[in-house]
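Understanding the architecture of this molecule
Here is what each chain is made of, one letter per residue.
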Amino acid sequence: MPNSLALSALIVKLFLLLVSEKVKEMKKIVFSFFVIAVCFSVSISAQIPINTLVQISKAEDELRFDKTLENLMKSTDARIRARAALAAGRIGNEAAVPALINLLENDKTTDVRATTAFALGEIESSKASDAILRGLKNAQNPDAVRARLTEAAGKIAAANAKDEKSKSLGEAILDALEFENQRGAKQNRDVVLLGLTAVLRARPEKADVTTAKFLNNPDARIRADAGNTLTRIRAKNANEKLRAMLSGDSDPVARANAARALGAAEDKEAVNLLIEAATADKDTRARVSAIRSLASLRDAKAAGRLLERGERLLADYKKSKFAAPVEKNELLEIATALGRILPNSSDKRAVEFLQNFRQADKFISPETEIALARVAPKIYVNSITDSPENVFGEDWRSSSAAFQGLGEIANLEANKENDELKARTRVLLARLIGGWVGSEKGTEDIQNTKLAVPDLLRAFAAFKSENTSNILRPMLEIEQDLFIRGAIADILGDQPVTKENVEALQIAFAESLKTDNVNDDAQLSILSALVKLDKQQAANSLNLALDAPNILVRRRAADLIRQNDLAKDFPNFERRVGAVKPYDAKTGTKIGQILNTNADYIRALSRKNARAIIQTEKGSFTIEFTPEAAPLTVDNFIKLAKSGYFDGLVIHRVVPNFVIQDGDPVGNGSGGPGWSIRDEINTVPYERGAVGMALSGKDTGGSQWFVTHSPQPHLDGGYTVFGRVNETDMKIVDMVVRGDKIMSVKIVEGSSPQKSTKGNKK
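Figured I'd write up the structure that's included with this text. What you see is a predicted model; the values in this text were computed from it and never measured. (Residues numbered from 1 in each chain as written. Predicted model: local features only at pLDDT ≥ 70, side-chain atom pairs only at ≥ 80, totals over all residues. Heavy atoms only, no water.)

**A look at the overall build of the chain**
Per the secondary structure count, the chain includes 37 helices and 11 strands. Here the C-alpha atoms of the chain give a radius of gyration of 28 Å, agreeing with the 27 Å that 2.2 N^0.38 yields for 762 residues. Each principal axis of the C-alpha atoms in the chain carries an extent, and together these give about 90 × 60 × 55 Å. Looking at the chain as a whole, 56% of its 762 residues qualify as buried. A separation threshold of at least 6 residues defines the contact pool for the chain, and within that pool the share at least 24 residues apart is 70%. Summed over its atoms, the accessible surface of the chain is roughly 33,500 Å², and 50% of this surface lies on carbon and sulfur atoms. (Helix = DSSP H or I, 4+ residues; strand = E, 2+ residues; numbered from the N terminus. Rg over C-alpha atoms; globule rule 2.2 N^0.38 Å. Buried < 20%, exposed > 50% of the residue type's maximum accessible area, 1.4 Å probe, protein only. Contact = heavy atoms within 4.5 Å. Areas by Shrake-Rupley, 256 points an atom, 1.4 Å probe, with all protein chains shown as cover.)

If you want it as structure tokens, here you go:
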């Protein structure tokens, strides 16, 4: 922390320099003064006693709102009140709403009231609606508070769409935006940005009219967010302005979002502009957004230019020095678009392009398989049956992609030729399932293949065969892989209600609770499928779930009870969910339990400067952590990195103009470390380069993380931000494609890097 004596000395020296007119040296001192003053203010703002921070973090980790937090919300220290309010929002217990409303309406500190408004939005309780509305009508509220109130209104309205106050909240959001628009150059940027995101959540009537007014805003980020909101509400009232943005806006994200909005609006008049943007815009984000919109518009005249662009990219792809060429991202977008624009056309040029691309890509991308299956279904099926060695090789990804392509055949329109092709494909898939069931599971190639089996089962189910239940149900009992059992359960949940299906799911759930210790996907899928089939017969399984050590399973049971009007059959079910339980080795699982010790909390909360250097095949980029915003999330990542967990993992997900995602040891998006951590939702926005935790539901983070290519405001307040990548390093992130590898992760704390050493993955 800067020394106050040093600060005083600088002031004295500055005064002497002013007297002596040494201007150049004075400028240096002014800069030093500024830096120290900023550091000083930041350090002071963070001076909550460590023991108090530990109390708060423990409550968050246990998802426990009680007198501890309630008393801290009454502290004489505004920083503690704000931090306790944030914790109440993260925990999400509706019992905290009265105390938060009291802070919102009576606290004297702007930061406390703003944080409290954010917290109320996180809880999403309709009980806060009146307080939010009063706050938005209060002209005395500072802009910082109004911004967070607007954000909260959107979250509460979205979560309680059937509540009578939802409409009022939506109207209040629009009123806030209209007021800011009338302020012109004096408008508050945060109110506008959070208001535009609130609109896409609440979707009030006439939202399109108000949102469109911000397309001409001088702030590029506001224009871009307005385009994003219009896309998500599928507005059709601003096409002329959006076309102008697409063709002439200087900001690439604004152009990209204009392209997205035109596609969502199904604007046929924009086709030529979209073709030009898709093939000639200088920014990848704008190009891929335009390509996706052309795919949704399905105008055949776009095919020629897209193929021309694709052929040039493919030539560069084949000459690339990288194992996973940079051109792959855009090529996959073009392939997907061609599949939608030229369905069942057997277009010769498109077929040749897709065949060449899938061969160069070693048949591992579902996008090319699905696209070829759509453009030329017969040619596609023949390519599988005539040369199975091309797609069913050592890499499970090629099998997975082929199964997804074959599943697409089920969507062909009914006619004699297509019906024959469907029947042939269905038989092929049934035989492949039989081959899996009868295989020797211990061999290495079979173990590799199992990662693709869920896609095989989903492909077969797409044909809606009368034998689906009879073929898949017996697999629940004999299948050891939990992801395969989860896929079977999802499929059985959509099958006819039979005694056999219900009993099979009941048995499978009880068994999964005993055996699935490192992942809860199967438990959650089986329980949901069982309630979907027969909610009355699911009673015993729901009771078992409410007693599970994993809070995520207990929560799923409670959600299913609420959604299916079963509360009368489960008195006190809310109480049975309870808080997160401490880890007990006797349970055999670490998922959804408290794993941190007092020493862990202190270490995480004491961490200051830390970063991770991510070495990829394309180069390295650095994550600058934000431990002040998400201490336990940062600590979890650092522990994994130091064990070597991330070294050698494949980047399994890349969505251009959205995210790159890594951290899955399985490689298909379903894997994790064998435990879960609680969310640490904060007010750090998802700007370009934000690093967040991937989730499959609240508090399900573990090891999967992502970096955003562009601002993603719809993620704000829903996913934990725990770091950022600077613009220079984002050039490497932009080059990453699915299939690239993380070579190593080095953690730097202080001044010297610490290399990760490969260790046992936990």
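**Quick look at the pattern of salt bridges**
Counted according to the given criterion, the structure contains 57 salt bridges. Put simply, Asp 61 and Arg 678 hold a salt bridge, and the shortest N to O gap is 2.9 Å. Within this pair, whereas Asp 61 is found in helix H3 (residues 50-62), its partner Arg 678 is found in the loop between strand S6 (659-662) and strand S7 (690-693), the two being separated by 617 residues in sequence. Residue Arg 678 is classed as buried on the basis of its relative accessible area of 7%. With its nearest N and O atoms 3.9 Å apart, the salt bridge here joins Lys 155 to Glu 151. Here Lys 155 pairs with Glu 151, and both are found in helix H9 (residues 143-159), just four residues apart, close to one helical turn. Both residues of the pair, Lys 155 and Glu 151, belong to the buried class. (Salt bridge = Lys/Arg side-chain N within 4 Å of Asp/Glu carboxyl O.)

**Considerations on the packing of aromatic side chains**
Applying the stated criterion to the full structure yields 10 aromatic pairs. When the centroid spacing of 5.9 Å and the interplanar angle of 80° are considered together, the rings of Phe 637 and Trp 705 count as edge-to-face. Taken together, the residues Phe 637 in helix H36 (residues 631-642) and Trp 705 in strand S8 (residues 705-708) connect sequence positions 68 residues apart. Taking relative accessible area as the criterion, Trp 705 reaches 2% and is therefore assigned buried. The structure contains a cluster of three or more aromatic residues connected by ring pairs, namely Phe 625, Phe 637, Tyr 645, Phe 646, Trp 705 and Phe 722. The lysine or arginine in question, Lys 590, covers the ring of Tyr 583, its NZ or CZ lying 5.9 Å from the ring centre. A cation sits over an aromatic face here: Lys 618 above Phe 322, 5.1 Å from the ring centre. (Phe/Tyr/Trp six-rings, centres within 6.5 Å; stacked < 30°, edge-to-face > 60°. Lys NZ or Arg CZ within 6 Å of the ring centre and 35° of its normal.)

**Here's the deal with the environment of Asp 130**
Secondary-structure assignment places Asp 130 in helix H8 (residues 129-137). Sequence separation between Asp 130 and Ala 567 is 437 residues, and the spatial gap between their C-alpha atoms is 27 Å.

**Some remarks on helix H31 (residues 521-533)**
Look at H31: 18 Å from first C-alpha to last across 13 residues, which is about the 18 Å you get at 1.5 Å a residue. By the criterion of burial, H31 is predominantly enclosed, with 10 of the 13 residues buried. For H31, the complete set of buried residues consists of Ala 522, Gln 523, Leu 524, Ser 525, Ile 526, Leu 527, Ala 529, Leu 530, Val 531 and Leu 533. Buried residues along H31 sit in contact with helix H29 (482-492), helix H30 (499-515), helix H32 (539-546) and helix H33 (551-563). (Expected span 1.5 Å × (residues − 1).)

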